[in-house]
Every structure is written in structure tokens, then in C-alpha cells.
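Structural characterization, general
Next come the chains, spelled out residue by residue.
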Amino acid sequence: SFYYGTFPAGFLWGVGSSAYQTEGAWDKDGKGLSIWDVFTHRKGKVLRNETGDSACDGYYKVKDDIQLLKELKVNHYLLSISWPRIMPTGIKAEQLNEKGIQFYNDTINSLLENNITPIVSLYHWDLPQVLQEKYGGWQNISMINYFNDYANLCFEKFGDRVKHWITFSNPWAVAEQGYETGEHAPGLKLGGCGAYKAAHHIIKTHAKVWHSYNNTWRREQRGMVGISLTSGWGEPVDPHSQTDRDAAERYIQFHLGWFANPIYRGDYPEVMKNYVGRKSAQQGLGTSRLPTFSVQEKTYIKGTSDFLGIGHFTSRYVLQKNFPFLQVSSYHTDHDLAELVDPNWPAPGPKWLYSVPWGFRRLLNFIKTQYGNPLIYVTENGVSETAQCPQLCDEWRIQYLKGYINEILKALNDGVNVKGYTAWSLLDKFEWDKGFSERFGLYHIDFKNKDKPRYPKASVDYYKKIISANGFPNPREVENWHRKAMDTCSATHQHLAADSLITHMEMVTEIVLPTVFTLCILISIVLLIFYLRNHS
């Protein structure tokens with residue numbers, strides 16, 4: 001049931017995005033290549049072979065986008081820094097790009113001038129390509145020191161103004177989709193080992209960066225360093241079945257616990273160690289495919305998070321499923337479970353993203369119980385659409401945001417320590433291997449128009465009302481917000497239609513007129529030759 005009430009005073013409201021998905025300017029002003037630049041330029045890696053070369057042109061539209069943030073009346077904006085934009089090869093000793101550093105300085109300053117707090121992620125997947133080619137990226141332990149140098153440069157250059165740092169955004173996807181399935185850059189399929197090895201190095205890197213900040217910068221800068229973990233919720237198909245309950249527990253531990261457990265409890269979840277260890281032994285391997293932490297490493301890693309960032313989009317029903325012994329090992333067969341969805345769950349966009357708000361409250365309560373009720377910021381939560389034509393009256397996104405934000409309010413009443421919420425995302429943007437086919441934005445972008453204009457969807461108006469009221473005051477008011485949001489989007493839709501027509505006409509003018517002009521000249525030349533021939 002829906003709960004009417006408001007959030008505590010000082011609760012932070014924001015929106016987020018990431019560098020590669022929005023900035024564009026992939027080879028401008030001294031930026032180095034990232035693994036995503038190289039990956040998207042290979043044919044067949046991304047839907048329709050689209051790239052983030054220009055994305056939303058965010059590199060050139062900082063002031064415009066900050067204006068959108070002001071319209072929304074958000075407290076904070078979550079952005080990521082592109083490592084190769086400020087350190088082209090990823091190696092500090094080799095080269096720094098002052099233009100890249102200036103770009104982020106200007107962005108941070110503009111946000112603060114407009115009373116918007118920057119929350120900055122150091123890594124949202126765009127590893128410098130040189131580090132992938134030279135060392136194998138996150139498969140190599142040398143990444144720990146290279147990333148630590150990069151992080152310290154960011155603390156030095158921006159830390160006087162940035163007080164909320166995220167080391168890694170959704171490292172699960174970096175490890176599993178980058179080094180296990182190969183769906184994401186760098187596109188490696190190192191089945192059964194690659195993801196675990198990448199994650200191991202990422203966790204160690206996170207701890208090193210936290211200690212660097214703690215020892216060198218914290219006293220002077222007084223900021224916080226955390227990590228952002230994305231996880232769905234796993235609900236047992238039969239809550240009375242111990243095997244289904246155990247399978248649901250494994251679902252969470254193999255997603256969230258994989259990274260959270262070492263940071264909050266000092267080691268990988270026992271169930272992960274048991275399952276991967278047993279499957280490795282069945283394969284005849286002498287050691288587990290899941291690496292181990294030494295006693296010193298466990299102590300070093302435990303407690304290295306001032307807050308926990310949580311990304312959450314959807315949930316699954318989970319049941320026990322035994323995978324037969326296979327020579328080819330896989331992260332996906334290691335946990336012996338199957339995922340199901342309820343056909344009645346709304347799925348407005350892609351097939352993976354079902355709207356299941358109640359799963360969010362359960363996930364937040366799980367974190368409270370498992371990890372000692374840490375300080376939580378929701379760092380990513382939103383829904384996409386896949387329609388080809390513009391969908392400005394995004395009724396389903398309003399319902400999604402309303403439902404999920406309301407579950408956070410319920411979780412707060414349960415005693416969960418949530419301090420802020422970040423809607424994902426500010427703009428429609430490049431969605432990795434899905435290209436521009438999925439749109440998460442509160443603002444629609446017309447990617448066919450070279451100026452990439454932004455148009456507010458109905459959800460902008462609705463989210464703005466939630467922020468102003470700091471929650472859901474009463475049924476009548478909340479119903480009113482919905483009606484007004486839908487009215488506003490109808491007018492914006494007409495504006496977009498008119499602009500699209502003008503853009504189409506401009507394209508026609510740019511293509512057709514020169515073509516007609518060229519044809520006229522050619523016809524004139526042919527007629528002139530014909531005339532001269534007849535009179536000679």
C-alpha cells in the first residue's frame with residue numbers, strides 16, 4: 001500500500017549521469033582513448049553500430065545542463081570523471097591533460113555557483129585503452145597503483161570543493177560484462193575466472209584509494225569516500241522452501257555481497273567461497289577460481305567506506321537450479337539458481353527492467369541487517385523506454401519513480417539510514433551495448449538534430465514536485481501533480497514536433513538543394529555540349 005509522508009529534513013535529492021554516456025568529444029582537447037572508444041568502433045559490438053563519440057555533447061553543453069538541474073531544483077548532481085580525459089594514457093608519470101582538468105574544474109565550479117553539490121565517481125567504466133593494451137586492464141594487479149595515482153590527482157585538483165567521492169560505479173558490470181560475457185568493453189570472454197579476478201583487483205583498488213584519502217586528504221578536505229554497488233533484489237519463489245530461500249540469498253550474495261561483504265565484513269560471502277570452491281574442485285583445479293584475501297588484506301579492506309552508494313532497478317523471483325558439472329565454468333552457473341519474473345509486473349521498456357517497487361525496501365533492509373546499517377545514498381534508480389518515437393508523456397516513469405521513492409520512505413521508517421536519492425538519469429544518453437535504443441532520461445534528446453536539444457518529459461515536472469514537497473504530503477496533492485505533469489508534457493510534445501519538422505526541413509534543404517543545384521549544372525553542361533555539337 002502507498003504511504004503518505006515526508007522525508008527527514010536535509011534529505012538530498014539529485015540526478016546522475018556518467019562521462020562516456022553523455023560527454024562526447026571523444027578525441028578532443030587532448031583526451032586519450034578509453035576502452036569504450038575502441039570497443040564501440042568495432043563493428044557488431046553495439047546495437048546499430050552506434051558510438052558515444054558525440055553522445056549528448058555534454059562536453060560543450062555544461063551550462064545548458066546545469067540550467068536543467070536548476071529547473072529540477074535538485075540538491076546534488078552525480079557525475080563521473082573520464083580518467084583518459086585528464087590522464088590520456090592512464091599513467092600519471094607519462095602525461096596530464098590540463099584542458100581535461102580545466103573542464104572538470106569549470107563543471108564543479110558551475111555546479112557550486114548554482115548551489116548544486118557535486119557527487120563525483122572516479123570510475124564509470126571508461127578505462128584508458130593504454131592500460132588495457134599494456135597490462136590487460138583489471139586482470140592485472142598493477143591497476144591498483146595506477147588508479148590510486150589517478151584518484152590522488154583528482155583529490156588534489158578537485159577535493160577542496162568535492163566532498164562526496166565514489167571510487168567505482170557498478171563494479172559488478174565492469175567485472176561480469178567486461179571480462180566474463182564480453183558484452184561490454186573491453187569485450188573479453190574469460191569464462192569462470194575473468195570476472196572474479198577483475199573484481200578482486202577492483203576491491204583492493206577501492207581499499208587503497210580509501211586509505212590514501214584517509215591518510216593524506218581527509219583532515220584538510222573533510223570529505224567522504226564510498227563505492228556505488230548496483231544490485232537487484234532476489235525473492236524466493238516459494239518463501240516456505242528452504243532451498244528457494246537459500247537460492248535467493250545466493251542471488252544477493254553473488255551480486256551485492258561479492259563487493260559489499262569484503263568492504264563491510266572483511267571477506268567474500270561464505271556462500272560464494274563454498275560454491276565457487278566446490279565447482280573449482282569438481283573441475284580438478286587445485287585452487288578456487290575465486291581468489292582469496294590474505295589476513296592482512298582482509299583487515300586493510302574492512303571498513304573502507306564512509307557511505308554505501310546503491311544502484312537498484314528491478315527484482316527477480318529466484319529458485320534452486322542445479323547446473324550439471326561442466327568443463328566450461330561460468331560465473332552464471334556457479335550459483336546454482338534460476339531467475340523468474342511475474343508476467344504481471346509492468347515492463348515499460350527493455351525486457352530486463354520490470355517495475356517491482358517492493359523489492360527496493362527489502363534490499364535496503366537486507367543492507368541494514370547485513371552490514372550494520374551503513375549510511376546509504378541511492379546513486380542510481382530509474383527506468384528506460386525503448387520506443388522509437390519521442391515519449392514525453394512518460395506516465396510509466398512517473399509511476400516507477402513514485403513507487404520506488406515511496407519504498408525508500410517506508411525503509412526509512414524501518415530504520416534504514418538512507419540520506420539521499422539520485423534519479424537515473426538526467427538525460428537520454430548512450431546506453432552501452434544498447435546504443436541509443438534505451439532512454440533513461442528525465443529529459444528527451446533529439447539525437448537526429450545536430451544541436452542535440454533537450455526537452456522535459458512529464459517526469460521532470462513530477463519529480464520536481466516530490467523534491468519541493470520532500471515526499472508525498474497527501475493523496476489530493478500527489479494526484480494533482482500527476483495531472484499537471486501530463487498537461488505540461490502535451491504542450492512540450494507540440495513544441496518538439498514543430499522543432500522536429502524544422503530539423504527535417506533543414507536536413508532536406510542541406511541535402512536536396514545542393515543536389516538539385518549540381519544536377520542543374522550537369523544538365524546545363526550536357527545541353528551546352530549538345531548545342532555546340534549541332535552548330536559546329
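Residues numbered from 1 in each chain as written. Predicted model: local features only at pLDDT ≥ 70, side-chain atom pairs only at ≥ 80, totals over all residues. Heavy atoms only, no water.

For the protein chain, the name recorded in an unreviewed UniProt entry is Cytosolic beta-glucosidase, with Sinosuthora webbiana as its organism.

**Section: the UniProt feature "active site" (unreviewed entry) in the protein chain**
Convention followed: UniProt positions are given in the numbering used here, feature names are shortened, and annotations may be inferred rather than shown by experiment. Put simply, DSSP marks the helices as runs of H or I at least four residues long and the strands as runs of E at least two long, and each gets a number from the N terminus on. For the exposure calls, accessible area comes from a 1.4 Å probe over protein chains only, and a residue counts as buried if that area is under 20% of its type's maximum, exposed if over 50%, partly exposed in between. A contact between two residues is defined here by any heavy atoms of the two lying within 4.5 Å.
The residues that UniProt annotates with the feature "active site" (unreviewed entry) are Glu380. Tracing the chain through its elements places Glu380 in strand E11 (residues 376–381). Overall, Glu380 belongs to the buried group, its relative accessible area being 7%. Ignoring any residue separated from it by four or fewer positions in sequence, one finds Glu380 in contact with His124, Ile310, Gly311, His312, Phe313, Thr422 and Trp424.

**A short note on the state of the cysteines**
The condition that has to hold: Whenever a pair of cysteine sulfur atoms sits within 2.5 Å, that pair is classed as a disulfide.
All told, the structure shown has 1 disulfide when counted by the stated rule. Cys393 shares a disulfide with Cys489; S-S distance 2.0 Å. Between Cys393 and Cys489, the S-S dihedral sits near 105 degrees, and the bridge is therefore right-handed. Taken together, the residues span a long stretch of sequence, with Cys393 in the loop between E11 and helix H15 (395–413) and Cys489 in helix H17 (residues 475–534) at a distance of 96 residues. Relative accessible area serves as the criterion here: at 26%, Cys393 is assigned to the partly exposed category. Look at Cys489 and you get buried, because its relative accessible area is 1%.

**Examining the packing of helix H8 (residues 171–179) against helix H10 (residues 242–265)**
Going by this rule: Interaxial angles span 0 to 180 degrees and are taken between N-to-C directions of axes, which are lines fitted to C-alpha atoms, for helices over the stretch in contact. Crossings are assigned a handedness: left-handed for a near helix turned anticlockwise from the far helix by less than a right angle, right-handed for a clockwise turn. The nonpolar class holds Ala, Val, Leu, Ile, Met, Phe, Trp, Tyr, Cys and Pro. Asp, Glu, Lys and Arg form the charged class, and all remaining residues, Gly among them, are polar.
Interhelical geometry of H8 versus H10 gives an angle of 115 degrees and a closest axis separation of 10 Å. Classified by chirality, the crossing of H10 by H8 is right-handed. Counted together, Pro171, Trp172 and Ala175 of H8 and Phe254, His255, Trp258 and Phe259 of H10 form the full contact between these two elements. Class assignment of the residues belonging to the contact of H8 with H10 gives a composition of 6 nonpolar, 1 polar and no charged.

**Describing the side chain of Gln21**
As a reminder, the rule being used: Polar contact criterion, stated in full: a pair of N or O atoms within 3.5 Å, where within protein one must be able to donate a hydrogen and the other to accept it, and residues adjacent in sequence count only if both atoms are side-chain atoms.
Within the secondary structure, Gln21 is located in helix H1 (residues 19–22). The buried category is assigned to Gln21, whose relative accessible area is 1%. A distance of 3.0 Å separates the side chain of Gln21 from the backbone oxygen of Phe430, its partner in a polar contact. When residues no more than four places from it in sequence are discounted, the contact partners of Gln21 are Ala55, Cys56, His124, Trp424, Lys429, Phe430, Glu431 and Trp432.

**A few points about the layout of surface pockets**
The gaps of empty space that remain are located by a probe, the size of a water molecule, rolled over the atoms. Formally: Method remark: on a 1 Å grid restricted to protein atoms, a set of points is classed as a cavity if a 1.4 Å probe fits but cannot get out and as a pocket if it is open with protein on both sides within 12 Å along at least five of seven lines; lining residues have an atom within 4 Å of a point. Grid points are joined across faces, edges and corners, and a volume is the space filled by probe spheres set on the points.
Each pocket or cavity is described by its volume, and for the largest pocket that value is around 870 Å³. As for the largest pocket, its lining consists of 31 residues, of which Asn170, Trp172, Gln177, Thr230 and Trp352 are closest to the centre. Sorting the residues of the lining of the largest pocket by element identifies H8, H10 and strand E9 (315–320) as the ones contributing at least two each. For the lining of the largest pocket, the element with the highest residue contribution is H8, accounting for 4 residues.

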